[in-house]
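Secondary and tertiary structure notes
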Amino acid sequence: MSEATKDRKQSERFADEDILGILFEQHAEIHELVTQIQESSGDDRRLAFERFKRLITAHEAAEQKVLRPVTRDIASDVAEARLEEEQEAREVLEELSELDIASVNFETEFRKFSQAVNEHAEAEEKGEFLKVETARDESQRRILGSEFLAAFDAAEGNR
């Protein structure tokens, strides 16, 4: 079963507006875009990579604005570890953006980056999300979901 399929199954456990369902669904989309980038070339790869950059940038910005403060209240060490990983990811994403998307160097560096993205997502899902699920009830998570979507849209430039 693919990572995207696993994430979608997890998202089904939550109400549509629940922040955890939204996050699992976005993780599924990120996994799908990674696969698309790795399996495509030319304009298809470029377009998939551009979508990936926009999605991951907006996703991380919204997490930092909405999810991390909640996590910091529950387990500050977990929040700090995720923030450090996200800072590293931003730097690597900038470096990848400067590479020729058709180059072997891009493919090699993107493969390494995608592994780090997978590890980060897994750390969120198995650590942070579980902590939020047990510390906040569904109504609180639905409010967080609305706040997350507003922050995500703002980060994507949709508002």
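Rules and cut-offs
- Residues numbered from 1 in each chain as written.
- Predicted model: local features only at pLDDT ≥ 70, side-chain atom pairs only at ≥ 80, totals over all residues.
- Heavy atoms only, no water.
- Helix = DSSP H or I, 4+ residues; strand = E, 2+ residues; numbered from the N terminus.
- Buried < 20%, exposed > 50% of the residue type's maximum accessible area, 1.4 Å probe, protein only.
- Contact = heavy atoms within 4.5 Å.
- Lys, Arg positive; Asp, Glu negative; His and termini not counted.
- Charge placed at Lys NZ, Arg CZ, Asp CG, Glu CD.
- Patch = residues over 30% accessible without salt bridge, like charges linked within 9 Å, V, L, I, M, F, W, Y side chains within 5 Å.
- Areas by Shrake-Rupley, 256 points an atom, 1.4 Å probe, with all protein chains shown as cover.
- Salt bridge = Lys/Arg side-chain N within 4 Å of Asp/Glu carboxyl O.
- Axes fitted to C-alpha atoms, helices over the stretch in contact; angles between N-to-C directions.
- Parallel < 35°, antiparallel > 145°, perpendicular 65-115°, else oblique.
- Left-handed = near helix turned anticlockwise from the far one by under 90°.
- Nonpolar A, V, L, I, M, F, W, Y, C, P; charged D, E, K, R; others polar.
- Core = buried A, V, L, I, M, F, W, Y, C linked by side-chain atoms within 4.5 Å.
- Phe/Tyr/Trp six-rings, centres within 6.5 Å; stacked < 30°, edge-to-face > 60°.
- Expected span 1.5 Å × (residues − 1).

A tally of helices and strands in the chain yields six helices and zero strands. Mapped from its N terminus to its C terminus, the chain presents α and β elements in the order α-α-α-α-α-α. Once the C-alpha set of the chain is aligned to its principal axes, its extents read approximately 45 × 35 × 30 Å. Relative to its full complement of 159 residues, the chain shows a buried share of 42%. Sequence-distant contacts in the chain: of pairs separated by 6 or more residues, those separated by 24 or more amount to 71%. Separation between the mean location of the 22 positive side-chain charges and that of the 40 negative ones in the chain comes to 2 Å.

Another aspect to go through is a negative patch on the surface. Where like charges cluster on the molecular surface, the negative patch consists of Glu84, Glu88, Glu91, Glu94, Glu95 and Glu98. Using a relative accessible area of 51% as the deciding quantity, one classes glutamate 95 as exposed.

Here we come to the packing of helix H2 (residues 19-39) against helix H3 (residues 42-74). Running from N to C, H2 and H3 cross one another at 155°; their axes reach a closest spacing of 9 Å. The orientation of H2 with respect to H3, classified from their angle, is roughly antiparallel. Judged by the twist between their axes, the crossing of H2 over H3 is left-handed. Of the residues in H3, those in contact with Ile19, Leu23, Gln26, His27, Glu29, Ile30, Leu33, Val34, Gln36, Ile37 and Gln38 of H2 are Arg45, Ala48, Phe49, Arg51, Phe52, Leu55, Ile56, His59, Glu63, Val66 and Leu67. The residue makeup of the contact of H2 with H3, split by class, is 13 nonpolar, five polar and four charged.

All right, on to the nonpolar core then. Among the nonpolar cores identified, the biggest contains 33 residues, and Ile19, Phe49, Phe52, Phe110 and Phe148 are the most heavily contacted of them. Contributing elements (two or more residues each) for this core: H2, H3, helix H4 (76-97), helix H5 (104-135) and helix H6 (138-156). Counting residues per element, this core draws most heavily on H3, which supplies ten residues.

Moving on: the packing of H3 against H5. Packed helix pairs are characterised by how far apart their axes lie and by the angle those axes make with each other. Two elements in contact, H3 and H5, have axes whose closest approach is 12 Å; the angle formed by their N-to-C orientations is 30°. By the criterion of interaxial angle, the relationship of H3 to H5 is roughly parallel. You can see that H3 and H5 cross each other, and the crossing is left-handed. In this structure, H3 contributes Arg45, Phe49, Phe52, Ile56, His59, Glu60, Glu63, Leu67, Arg68, Val70, Thr71 and Ile74 to the contact, and H5 contributes Phe106, Glu107, Phe110, Phe113, Val117, His120, Glu124, Glu128, Phe129, Lys131, Val132 and Ala135. Taken together, the residues of the contact of H3 with H5 break down into 13 nonpolar, three polar and eight charged.

Moving on to the environment of aspartate 73. By the secondary structure assignment, aspartate 73 is in helix H3. Distance from aspartate 73 to valine 132, taken between C-alpha atoms, is 9.9 Å for residues 59 residues apart in sequence.

The geometry of an aromatic ring pair is captured by the separation of the ring centres together with the interplanar angle, meaning the angle of the planes. Overall, the coordinates contain ten aromatic pairs when judged by the stated rule. Between phenylalanine 52 and phenylalanine 113 the ring centres are 6.1 Å apart and the planes differ by 90°, which places this aromatic pair in the edge-to-face class. Pair noted here: phenylalanine 52 is in helix H3 and phenylalanine 113 is in helix H5, with a separation of 61 residues, a long-range link. Classification of phenylalanine 52 as buried rests on a relative accessible area of 0%.

A few words on H5. Between its terminal C-alpha atoms H5 stretches 45 Å, which fits the 46 Å expected from 32 residues at 1.5 Å a residue. Every buried residue of H5 is listed here: Phe106, Phe110, Phe113, Ser114, Val117, His120, Ala121, Glu124, Glu125, Glu128, Phe129 and Val132. Buried residues along H5 sit in contact with helix H1 (3-11), H2, H3, H4 and H6.

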